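Topology and contacts: notes
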Amino acid sequence: MDSYNFKSIEKKWQDKWEDAGIFHAVNGSEKPKFYTLIEFPYPSGAGLHVGHPRSYTALDIIARKRRMEGYNVLYPIGWDAFGLPTENYAIKNNVHPRIVTADNIANFTRQLKMLGFSFDWSREVNTTDPKYYKWTQWIFLQLFKKGLAYKQEMPINWCTGCKVGLSNEEVVNGVCERCGSEVVQRRKSQWMLKITEYAQRLIDDLDEVNYLEKIKTQQKNWIGRSEGAEVKFTLSTGDEMVVYTTRADTLFGATYTVMSPEHPLIEKMKDSITNYGEVEAYQKAAAKKSEFERTELAKDKTGVKLEGIYAVNPANGEHLPVFISDYVLVTYGTGAIMAVPAHDSRDWDFAKKFDLPIIEVVAGGEDVQKEAYTDVYKGKMVNSGFLTGMTVKEAIPAMIDWLEKEGLGKRKVNFKLRDWVFSRQRYWGEPIPLVHCDKCGWVAIPESELPLTLPEVEHFEPGENGESPLAKATDWIKTTCPECGGEAQRETDTMPQWAGSSWYFLRYMDPHNDEALASKEALDYWSPVDWYNGGMEHTTLHLLYSRFWHKFLFDIGVVPTKEPYMKRTSHGMILGENNEKMSKSRGNVVNPDEVVNEFGADAFRTYEMFIGAFDQSTPWSQQGLKGCYKFLERVWNLQSIVNDEAGYSADMEKAMHKTIKKVGEDFERMKFNTAIAAMMALVNDFTKKGSVTKGEYMTFITLLNPVAPHMTEELWQTYGGEGFLSIQPWPKYDEEKTVDDEVEIVVQINGKIRDKLTVPADIDKTGLEELALANDKIKAAAEGKTIVKVIAIPGRLVNVVVK
RNA sequence: GCGGAUGUGGCGGAAUUGGCAGACGCGCCGGCCUUAGGAGCCGGUGUCACCGACGUGCAGGUUCAAGUCCUGUCAUCCGCACCA
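Just so you know, these numbers come straight off a predicted model, no measurement behind them.

**Examining the overall build of chain A**
Per the secondary structure count, chain A includes 26 helices and 32 strands. Projected onto its principal axes, the C-alpha coordinates of chain A cover approximately 100 × 85 × 50 Å. Counting every position in chain A, which comprises 803 residues, the buried fraction comes to 53%. If you take every contact in chain A between residues at least 6 apart in sequence, the share linking residues at least 24 apart comes to 72%. Here chain A has roughly 35800 Å² of accessible surface; of this, 49% comes from carbon and sulfur atoms. Charge separation in chain A, taken as the distance between the mean sites of 97 positive and 115 negative side-chain charges, equals 2 Å.

In C-alpha cells, the structure reads:
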C-alpha cells in the first residue's frame, strides 16, 4: 500500500472525469432532471476566496449525490464578469477590461478545477461575451417595448475628486471609498425599470417557493408593503394636498402637516407664501445634503413653516399649519403627511422642536407630552368624535370608511420598494440598445442588430461631467433612427452588473443557442432551478431583480414558470482565524492555492464542510483543516485492515445501515458537519475493531465520495470497482437494520439519573416500570418514601417520582 | 429605532417531537514507538469541596423532566435606516 499522495491522485481523476465527460448534463434525457445552482462568481483579481468553495462544495455534494441517485444533473458554472473593480483596475493600469477579465477568469478556472467540482464546464457562460449579452440586451428591449423601462432624473452619488458617479457601496461615511473626497448629490437622467409594478406578485408568489423563512422575511421587508389611506386636506389657497397615512384613526390628533421640500405644490403656491425666500433657501440646502448627512441628522429635525398657508383637517375642520421638512420623503407615499405628534415619534420630535401642540387621541400610554405613544394593540380612542371609545384596530377602518363615503380619502397600499435605477455611466457593462432621435424620441434598435457591442475607446474614465466613457466613441454614437431614418444618437449609458446575473441560470439550459436565449424545449425541460444556494447579502437585490425579470419573461411567454428558483438556501461566512472578516488589510486571508498545495483538494473540501454549521459564520482554523487531512489519511490507511469479504460483518451491519441513513439525510438538510462526524465515527469503529470487510469499505468510500471525490475514486479503482465511483448508485439502507436490538435506558429518581439499564428495544412501558422498580439503586433510594408516579418512555428512560 | 440571527467546555461545534448535555474534530494531559518529533499509535480530558453536587448569557415560570416551551432581561453579529 502506497501512502496517501493527493498530488498525483487529484490531478489524475480530474483529467479522467473531464475526458469521459461524466458531469455533462444532457438536454432531453429520459432521466428525471435536477438543476442545482450556485451564484456564479465575479472573477476578481484577488482570486478565489475560501468563502466561495463553501457554497460550491455544498451543492457539489448534492449534485454528486443526485447523479448517484440516477438524476440527469445540471450543475453549471460561469462568470459574472462586468463590473467596477475590473474597470477601475483597467483605468489605473491602462489595460483593456476585456484583458483583465480574461486573465482573472483563467485564474479562477484553474482554481475551481483544482478543487474537483463536478461542474458541467461545457456550459460555461460569461456575461461579458457578446454572444451572452446579446440576450441581456434583448430582454431589456422587451422591457422597453412593454413600457417597463423609462428615463427619469435621479440623484446620484457624485465624487467631487474622481468626478464619477458612485454606487452606494462606494460611499463610506459620506466620502469616496477610493480617494476620500466629498460625495454630493447630483441629478442625472437615468434609465429606470418598473420593478414596483411587480411588487405585489413578488410578495404573493413567495408562498409557492421553498426559501428559508428568513429569506422570505427579508424580501417582504425590503418590498415593504403597507396598507393605509390617502387623505385630502384642502389648503387655504384652495389647492388640495393629499397625504398618506397608515394611522387614519389618529386624524383627530393631527396638529400640523408637512410636505417634502421637493413637493410640486410649493412652487404652485409661491405667491401665497409670504416667506418664500426662506422656503427656497431650505429647499436648496436639502437638495445639497448627501444621503449620509440626511441619515446622520435623522434625530435633529429641521423645517420651515409656510407662512400665509393653512390646511383644513377634514375630520374636524380645524386649521393646521403647513411645514416643509426633509424628514418627509418625496419618493414615498404622496410626499406629504399629516403629523400626529402624540402617536408618532418623528412627529413628536418635530413638534417639540417647533413648539407645536400635542393632542392625545389614543389613551393607554404614558403622558404624551413626554413621549409619543405608538402602540396599536392596546388603548382606546379619545378626543376623536365618532371614533371615541373604539380600539385602534376598529377605528382605522371606521375612519377610512367615513372618508371614502364623504369623498375625502381612500384606501391605498404603498411599497417601500423603488424602481430599479438601471443606468451606469461606465464602460464595462452592456450597452443599452436604444437610440435617441429628435423626432421619434427613444427608439429600440432592431433585434437583428443585437448584440450591440461595446465600442473601442482610448480611455475608460468617465467624462468631466459624469457622462459615460462611451460618450467619447463619437463614431459609434452617431447612427440613424430605425424609425424615421433620420440622424440619431446611441445611448451611452451601460447596464448595471445586476443585469447579466438576472437571467444567467436560463442561459445554462441552452448556452450555445443563437436563435433565442434558450430553446423552448430546454426551458421546459430544465425549469425551474431546483436548488439555489448563495449568500444572504444577495437576498434583497440579486434575488429580487432576477425574480422580477423572470416574472416578466413569464408574462411575455418566454419562460414556463412564474418563479425561477424552487428552493433557496444560504451559507454563512468563513471568517479569519481571529474571528474577523477576512481582508487583505487585516492580514487574515487564507489562500486556497496554498491549502490545496499542502493538504490537497479533498482535505480542503472536507474541512470546508466540517468547519461548522453550514448556515452560520465561523472562523477558519488551520488546525481544524489538519484534522480533516488526518481523517482522510486514516481512511486511506484502513486499506491495511481490509479483508476480502464482500458483505457487511455481523457486528458492523447496524452501524453501516445507520451511517448510510444519517449521511444521506444530513446532506439533504445541509448538515454536512454532522454527516462527516458520522463518517469519522464509523472509521473509529473500523479502527477499533481492527478489520474491515471489502463490502464495508466500498460502501463507506461511496458515502464519502461526494465530499472527497478524488481519493475515493482512487480507492474504488484499487479495489476493482467498475467504472467511475462518481456515477455508481448511492448506497441503500434497510430501515429495520438501523434500529438496535438492545437499548440503554436511563433510570431516574425525581429527574436525577441513578442507573442505566440495557434492555431489549421492544420492551413496553409496563415492562420498563417493573424493571426500574426492581432495580437495587432505585429500591435503596426510594426506601422510606412514597412512590408518587412512574413515567416510562420506551427507548429513552424511566423516571420514578418519590416524596 | 426596525427587521433577522446567535449566546452550550480552553476552541469549532453536536443534541428530529421537551427525555443520558458536550457526538465529531481541534487543543491539552499521560503512555507506547523513536537518535529525534510540529510524525504515528493507545488511553484520558465540562467544573468543583470528585463515594456527591453543580453545570447550556442572566432572572423568573410551566413540567415527573427544559439547551429545547413561556415571560422578562443582557450581550454580540448582520441587514435596513425619518417609508408616515
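The structure having been displayed, the exposition proceeds.
**With respect to empty space enclosed by the protein**
This model, assessed by the stated rule, comprises one cavity of 30 Å³ or more. Its boundaries defined by the atoms lining it, the largest cavity holds a volume of some 30 Å³. Every residue lining the largest cavity is listed: Arg54, Glu608, Met609, Gly612, Ala613, Phe614, Met670, Lys671, Phe672 and Asn673. Where the lining of the largest cavity is concerned, the elements lending two or more residues are α19 (601-610) and α22 (672-689). Looking at the lining of the largest cavity residue by residue, the classes come out as five nonpolar, two polar and three charged.

**Observations concerning the sheet that holds strand β6 (residues 164-166)**
The strand order β6-β5-β9-β20 describes an open sheet built from four strands, whose pairing is antiparallel. The open sheet has two edge strands with one neighbour each: β6 and β20 (420-421). Summarising the sheet, strand β5 (residues 149-159) and strand β9 (residues 183-193) pair through eleven bridges and their orientation is antiparallel. Across the sheet, the residue bridging to Cys159 is Val183, located in β9.

**What about helix α20 (residues 622-637)?**
Taking 1.5 Å per residue as the helical rise, α20 with its 16 residues ought to reach 22 Å, and the 23 Å between its terminal C-alpha atoms agrees with that figure. Those residues of α20 lying buried are Leu625, Cys628, Tyr629, Phe631, Leu632, Val635 and Trp636. Each buried residue of α20 sits inside an arc of 150° when the element is viewed along its axis, so together they form one side. Turned more than 90 degrees off the buried face of α20, the exposed positions are Gln623 and Lys630. At its buried positions, α20 is contacted by α1 (6-20), α18 (592-599), α19, α22, α23 (694-704) and α24 (709-718).

**Some words on the protein's contact with RNA strand B**
Around RNA strand B sit 55 residues in total, of which Asn221, Thr246, Arg346, Lys416 and Ile611 are the nearest. Counted by atom, the contact set of RNA strand B within 4 Å of the protein is 63% sugar and phosphate. Within the contact set of RNA strand B, a sugar or linking oxygen lies 2.5 Å away from a backbone nitrogen or oxygen of Ile611. In the model, a phosphate oxygen of RNA strand B is placed 3.2 Å from a nitrogen or oxygen of the Asn684 side chain.

**So, the sheet that holds strand β24 (residues 487-490)**
As summarised here, the arrangement of the four strands in space is β22-β21-β24-β23, forming an open sheet in which the pairing is antiparallel. Each edge of the sheet is formed by a strand with only one pairing partner; in this case those strands are β22 (441-444) and β23 (478-480). Averaged over all neighbouring strand pairs, the angle between strand axes comes to 45°, with direction disregarded. Relative to β24, β23 runs antiparallel, the two sharing three bridges. Directly across from Thr479, in β24, lies its bridge partner Ala488. Against the sheet, helix α5 (residues 130-145) touches β21 (434-437) and β22, its axis set at about 135° to β22.

**Things to note about the pairing of strand β12 (residues 240-245)**
Of the strand pairs in this sheet, strand β11 (residues 225-235) and β12 are connected by six bridges, and their pairing is antiparallel. What sits directly across from Lys232, in β12, is Val242.

**Digging into the confidence of the model for chain A**
Per-residue pLDDT for chain A averages 92, and the proportion of residues at 70 or more is 98%. If you check the scores for this complex, the pTM reads 0.94 and the ipTM reads 0.94.

**Overview of the packing of helix α7 (residues 213-223) against helix α17 (residues 542-555)**
At their nearest, the axes of α7 and α17 sit 11 Å apart, and the two run at 80° to each other. In this view, α7 runs roughly perpendicular relative to α17, as classed from their interaxial angle. Residues Ile215, Gln219, Trp222 and Ile223 of α7 form the contact with α17, whose participating residues are Leu543, Leu544 and Arg547.

Basis of the calculations
- Residues numbered from 1 in each chain as written.
- Chains lettered and ligands numbered in written order.
- Predicted model: local features only at pLDDT ≥ 70, side-chain atom pairs only at ≥ 80, totals over all residues.
- Heavy atoms only, no water.
- Helix = DSSP H or I, 4+ residues; strand = E, 2+ residues; numbered from the N terminus.
- Buried < 20%, exposed > 50% of the residue type's maximum accessible area, 1.4 Å probe, protein only.
- Contact = heavy atoms within 4.5 Å.
- Areas by Shrake-Rupley, 256 points an atom, 1.4 Å probe, with all protein chains shown as cover.
- Lys, Arg positive; Asp, Glu negative; His and termini not counted.
- Charge placed at Lys NZ, Arg CZ, Asp CG, Glu CD.
- 1 Å grid on protein atoms, 1.4 Å probe; cavity = no way out; pocket = protein on both sides within 12 Å on 5 of 7 lines; lining within 4 Å.
- Points joined across faces, edges and corners; volume = space filled by probe spheres on them.
- Nonpolar A, V, L, I, M, F, W, Y, C, P; charged D, E, K, R; others polar.
- Pairing = 2+ DSSP bridges.
- Expected span 1.5 Å × (residues − 1).
- Arc of directions from axis to C-beta.
- Near = heavy atom within 4 Å.
- Polar contact = N/O pair within 3.5 Å; in protein donor to acceptor, adjacent residues only side chain to side chain.
- Axes fitted to C-alpha atoms, helices over the stretch in contact; angles between N-to-C directions.
- pLDDT = per-residue confidence, 0-100.
- Parallel < 35°, antiparallel > 145°, perpendicular 65-115°, else oblique.

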